[in-house]
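The primary structure of each chain is shown beneath.
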Amino acid sequence: MHRALAGNGSITVRVTSLTGLYSSSGGGESATGGSLAQNPTVGWTPDVEPWSKAGIIIKASTKPGSAYAAMMVTGSHGVRMQWNYTGDIAGLGGAPTTASPRWLRLVRHGGTIIGYDSADGTSWTKVGTVTLTGLSATAQAGLFATSPAHNMVTSQSAIGSSGTGVSTQDTGTFDHLSLGGTWPGGAWTGADVGDTNGPSGLDRFRRIGAGFAVSGNGDIAPVVAGTMGAGTQIEYAISPGSFAAVIAAGVLGALFITAEYRRGLIRLTLTASPRRGRVLAAKAIVIGAVTLAAGITGIAIALPVGLAKLRDEGNQILPVTALTELRVIAGAAALIAVAAVLALAVGAVLRRGALAVTVVIVVPYLLAITALPAGAADWVLRITPAAAIAIEQSVPAYPQVTAAYTPMYGYYPLAPWTGFAVLCAWTVAALTLAAFLLYRRDA
Amino acid sequence: MSRTLHAEWTKLRTAGGTGWLRLAVVVLTAAVGAATAASVTCHVAGGCGQDPAELSLTGVYLGQAVVAIIAVLAISGEYGAEMIRLTFAAMPRRFSVLAAKAAVVTGLVLVAGTVASAGSVLAGQLILPGHGLAGPPLSLGNGADLRAALGSVLYLALIGLLALGVATTVRNSAAAIGIVLGLLFLFPLLTATVSAGAWRRHLEQIAPMTAGLDVQATANIRALPLTPWQGLGVLAAWATGTLLLAGLTLQLRDA
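Residues numbered from 1 in each chain as written. Chains lettered and ligands numbered in written order. Predicted model: local features only at pLDDT ≥ 70, side-chain atom pairs only at ≥ 80, totals over all residues. Heavy atoms only, no water.

### Some points on the overall build of chain A
Secondary structure summary: chain A contains 8 helices and 17 strands in total. Counting all 443 residues of chain A, 53% fall into the buried class. Of all intrachain contacts in chain A linking residues separated by at least 6 positions in sequence, the fraction that spans at least 24 positions is 73%. When the accessible surface of chain A is summed, it comes to about 17800 Å², and 61% of that surface belongs to carbon and sulfur atoms. (Helix = DSSP H or I, 4+ residues; strand = E, 2+ residues; numbered from the N terminus. Buried < 20%, exposed > 50% of the residue type's maximum accessible area, 1.4 Å probe, protein only. Contact = heavy atoms within 4.5 Å. Areas by Shrake-Rupley, 256 points an atom, 1.4 Å probe, with all protein chains shown as cover.)

### Some words on the packing of helix 2 (residues 239-263) of chain A against helix 5 (residues 322-350) of chain A
Residue and element names in this part refer to chain A. Contact pair helix 2 / helix 5: the axes reach a minimum separation of 7 Å and the direction vectors enclose 30°. Of the two possible hands of crossing, helix 2 and helix 5 adopt the one that is right-handed. Residue-level inspection shows Ser242, Ala245, Val246, Ala249, Gly250, Gly253, Ala254, Phe256, Ile257 and Thr258 of helix 2 in contact with helix 5, the latter providing Leu335, Ile336, Ala339, Ala340, Ala343, Leu344, Gly347 and Ala348. Of the residues contributing to the contact of helix 2 with helix 5, the split by class is 13 nonpolar, 5 polar and no charged. (Axes fitted to C-alpha atoms, helices over the stretch in contact; angles between N-to-C directions. Left-handed = near helix turned anticlockwise from the far one by under 90°. Nonpolar A, V, L, I, M, F, W, Y, C, P; charged D, E, K, R; others polar.)

### Things to note about a nonpolar patch on the surface
A contiguous nonpolar surface patch, about 360 Å² in accessible area, is contributed by Trp20(B), Leu23(B) and Val27(B). As for its position among the elements, Trp20(B) is in helix 2 (residues 18-39). (Patch = residues over 30% accessible without salt bridge, like charges linked within 9 Å, V, L, I, M, F, W, Y side chains within 5 Å. Salt bridge = Lys/Arg side-chain N within 4 Å of Asp/Glu carboxyl O.)

### Quick notes on helix 4 (residues 60-80) of chain B
Residue and element names in this part refer to chain B. The end-to-end C-alpha separation of helix 4 is 29 Å, in line with the 30 Å expected for 21 residues at 1.5 Å each. Leucine 73 marks where helix 4 bends most, by close to 35°. By the criterion of burial, helix 4 is predominantly enclosed, with 18 of the 21 residues buried. The positive-phi residue at the C-terminal boundary of helix 4 is glutamate 82, with phi of around 60°. (Expected span 1.5 Å × (residues − 1). Bend = angle between axes of the 7 residues up to and from the residue.)

### Some details on the side chain of Gln82(A)
Residue and element names in this part refer to chain A. Among the structural elements, glutamine 82 can be located in strand 5 (residues 79-83). Judged by relative accessible area, which is 1%, glutamine 82 ranks as buried. Polar side-chain contacts of glutamine 82 include one of 3.0 Å to the side chain of lysine 53. (Polar contact = N/O pair within 3.5 Å; in protein donor to acceptor, adjacent residues only side chain to side chain.)

### Comments concerning unusual backbone geometry
All names here are of chain A. Non-glycine residue tyrosine 85 carries a positive phi angle of around 75°. Relative to the helices and strands, tyrosine 85 resides in the loop between strand 5 and strand 6 (87-90). Tyrosine 85 gets classed as buried once you look at its relative accessible area, which sits at 18%.

### Some details on the packing of aromatic side chains
Given two aromatic rings, their pairing is described by the distance between the two centres and the angle made by the two planes. Residue and element names in this part refer to chain A. For the coordinates displayed, the defined rule picks out 4 aromatic pairs over all chains. A centroid spacing of 6.5 Å and a plane angle of 85° characterise the contact between tryptophan 103 and tryptophan 124, whose relative ring orientation is edge-to-face. On the criterion of sequence distance, the pair formed by tryptophan 103 in strand 7 (residues 102-109) and tryptophan 124 in the loop between strand 8 (112-118) and strand 9 (125-131) is long-range, its members being 21 residues apart. Since its relative accessible area comes to 13%, tryptophan 103 is described here as buried. Seen in terms of ring centroids, tryptophan 417 and phenylalanine 420 are 6.1 Å apart; in terms of plane orientation they differ by 85°. Their pairing is edge-to-face. A residue pair is termed a helical-turn pair when its members lie 3 or 4 positions apart in one helix, as tryptophan 417 and phenylalanine 420 do in helix 8 (residues 416-440) at 3 residues. Given the relative accessible area of 53%, tryptophan 417 is considered exposed. In this structure, lysine 283 packs its charged tip against the face of phenylalanine 256, placed 4.0 Å from the ring centre. (Phe/Tyr/Trp six-rings, centres within 6.5 Å; stacked < 30°, edge-to-face > 60°. Lys NZ or Arg CZ within 6 Å of the ring centre and 35° of its normal.)

### Notes on the nonpolar core
Judged by nonpolar contacts, the single largest core of 60 residues is most densely connected at Val25(B), Tyr155(B), Leu164(B), Leu184(B) and Met209(B). Sorting elements by how many residues they give to this core places helix 4 of chain B first, with 13 residues. Judged by nonpolar contacts, the second largest core, of 47 residues, contains Val246(A), Ile299(A), Val338(A) and Val346(A). (Core = buried A, V, L, I, M, F, W, Y, C linked by side-chain atoms within 4.5 Å.)

### A few points about the pattern of salt bridges
Residue and element names in this part refer to chain B. Counted by the stated rule, this structure contains 7 salt bridges over all chains. When the shortest N-O distance is used, the salt bridge between glutamate 8 and lysine 11 registers 3.1 Å. Taken together, the residues glutamate 8 and lysine 11, both in helix 1 (residues 2-14) and 3 residues apart, mark about one turn of the helix. Taken individually, glutamate 8 and lysine 11 each receive the classification buried, so the pair is uniform in this respect. A salt bridge links glutamate 78 to lysine 11, with the shortest nitrogen-to-oxygen separation between them at 2.7 Å. Of this pair, glutamate 78 sits in helix 4 while lysine 11 sits in helix 1, placing them 67 residues apart in sequence. Both residues of the pair, glutamate 78 and lysine 11, count as buried. Put simply, Glu8, Lys11, Glu78 and Lys101 are held in one network by salt bridges that share partners.

### Examining helix 5 of chain A
For an α-helix, the turn length of 3.6 residues means that residues three or four places apart are oriented alike. Residues and elements named next belong to chain A. A rise of 1.5 Å per residue sets the reference length of helix 5, with its 29 residues, at 42 Å; its end C-alpha atoms lie 42 Å apart and thus fit the reference within 8%. The buried fraction of helix 5 is high, at 23 of 29 residues. Among the residues trailing helix 5, arginine 351 stands out with phi positive, at a value near 60°.

### Concerning the side chain of Thr171(A)
Residues and elements named next belong to chain A. Within the secondary structure, threonine 171 is located in strand 13 (residues 168-182). Since its relative accessible area comes to 18%, threonine 171 is described here as buried. One polar contact links threonine 171 to serine 215, side chain to side chain, over a distance of 2.8 Å. Once you skip the residues sitting within four places of it in the chain, threonine 171 turns out to touch Ser17, Leu18, Thr19, Ala213, Val214 and Ser215.

### Quick look at the environment of Val422(A)
All names here are of chain A. For valine 422, the position within the fold is in helix 8. Taking the C-alpha atoms as reference, valine 422 lies 21 Å from phenylalanine 436; in sequence the two are 14 residues apart. Excluding residues within four positions of it along the chain, valine 422 makes contact with Arg382, Ile383, Thr384, Ala387 and Leu414.

### Points about the environment of Gly190(A)
Residue and element names in this part refer to chain A. Within the secondary structure layout, glycine 190 lies in the loop between strand 13 and strand 14 (205-208). Taking C-alpha positions, glycine 190 is 9.5 Å from phenylalanine 144, a pair spaced 46 residues apart along the chain. Residues contacting glycine 190, with those up to four places away along its chain left out, are Met1 and Phe205.

### Some points on the packing of helix 1 of chain B against helix 6 (residues 94-127) of chain B
Residues and elements named next belong to chain B. Relative orientation of the contacting elements helix 1 and helix 6 amounts to 55°, with a least axis distance of 9 Å. Considering their axes alone, helix 1 and helix 6 lie oblique with respect to each other. Handedness of the crossing formed by helix 1 with helix 6: right-handed. Only Ser96, Val97, Ala100, Lys101, Ala103, Val104, Val105 and Leu108 of helix 6 make contact with helix 1, whose side of the interface consists of Thr4, Leu5, Glu8, Trp9, Lys11 and Leu12. Looking at the contact of helix 1 with helix 6 residue by residue, the class counts come to 9 nonpolar, 2 polar and 3 charged. (Parallel < 35°, antiparallel > 145°, perpendicular 65-115°, else oblique.)

### Details of the confidence of the model for chain A
All names here are of chain A. Taken over all residues, the pLDDT of chain A has a mean of 79, while the share at 70 or more is 81%. For chain A, helix 1 (residues 33-38) is the element with the lowest average pLDDT, namely 33, and helix 8 is the one with the highest, namely 92. Contacts from residues 26-41, a stretch scored under 50 in pLDDT, to residues over four places away or in other chains number 25 contacts. (pLDDT = per-residue confidence, 0-100.)

Take a look at the structure:
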């Protein structure tokens, strides 16, 4: 429910409860607001989704995607101040009850909005100050309730069917609503914001004595990828190609040294240049430079072509900054090059281990992506060389948005450069061991 | 032929690492299956549409990589050590040598695969109850579950033949395993980026791993792009194709 707020002003409210319901119809795709409308007789069981939200909001307009700032209570993450979809600051902990309610206040000065919370309505704590661009003099303000679909990652497999979502809804109970400033237009208007499936037919807001009960489902949040999201990351355009390139680079790197052993050429090489460490270093530089050049060329061509194709097919590509795009291109190419050097080093250690090399590089990634359950996959992607795939992740996982943040959907457990550093550490260790063994062993 | 078979069996049996690799097929397949079964959750009354047989047999994803290594080593080890010339000098009928290799690799994988599959099903039977899955429990007395378990064994054997065919054709072990793993795992990645429904379905129908593993499905079979046995048939076609190519190159090429 909302009203127009002209110029500066404030809105204050007390929240006494946040209750939720889970749809009991299991299975199928991620549930949306639409499934409520299509199946109004669906059964509900009481349970509060952790990121269901109810609170107060000041928003440029009631159109989805417009700028906003909001103070809210959540299912199990305490009081939060959120703005413009990705901003999130924690306030008071705990859930609101009649005995221990939560007071929320938003104050607007021009484009700046300050959020406060309080446990008693007298002593207020500032949670955050945000500046919104595109907030016109007359904004919309009011009470809201949202409840994202409950998502369960059940298992992962290359043939899909990895998660199940059920629709949820929540109801926030508000009273002591007080307004400051100019609020033209008389009554509160109830509205479904951003419902793509038409009116849900649910009772969205009711007056209870001097207070209100506001119900909702869905979420006010950024679009994410995966089963619960509609977006596609840019690295999707290059993932099959860059993975094929990693396999090829691994084979190439391994062959670069094992072929010399097989044909006995290594003896000639080491006779001609007796400083063995230098031979290994030269080999690493050559194979690294060659694969890096090939990788950058390939990915710089593949990314725009792949993105154009994805857009043609109607995918919504999640926007990223130019810097991030550059990091994805350079990172994917660097991943190919370092994988080749790692394969070279392991090949030098095992000498005939071309096979083992490919397995070292390829299998951990394959398993994590296609077959392992989420928890195990996360560990594989933290400690094995496959961690480096994180360098290709272009959008962050938002802790305040419920989604399937699993490797299968392009969300990795390590930060991009940390993941890449894990691969580099393995490579340095393998090169050191290779150099040591090269000196110690007869060729 | 029996002497050729005997010779190949002796080579495979005594090659370094075969014993460990056989053990790895069993242990890794069953362990991944058990871990997957243990991680399954479903909080919705009436089940989440999960497939108990497929979940328990998830380890085949890893097991097949080890099977591919066994098969690749069976031939490229000979090329690496140049023993292949001795082999062909002793047994000039090259097609027979390939057939004998295929037979011993298949026999070895069938045995290891049966133990691995049985272990996975047993783990699933022990772990899955209590995880909120609806439907009848996993049981080999059930036709679909039995088909999934036996199909997984055949799947592993066919992966072995596919890998043998590729390795015989390209000779080098690193290149061979690269091609085999690429064939198996690149198709699903490629499929994920194709959003056009018809193309996606076609890719799923021709991909050796995706189609072959249809044989594990016991739930939602109508939604599959192929029936379970048809899926395994696609993998069999891949294996036959690569083996024929291998036979052809063996006949035409110097060793």
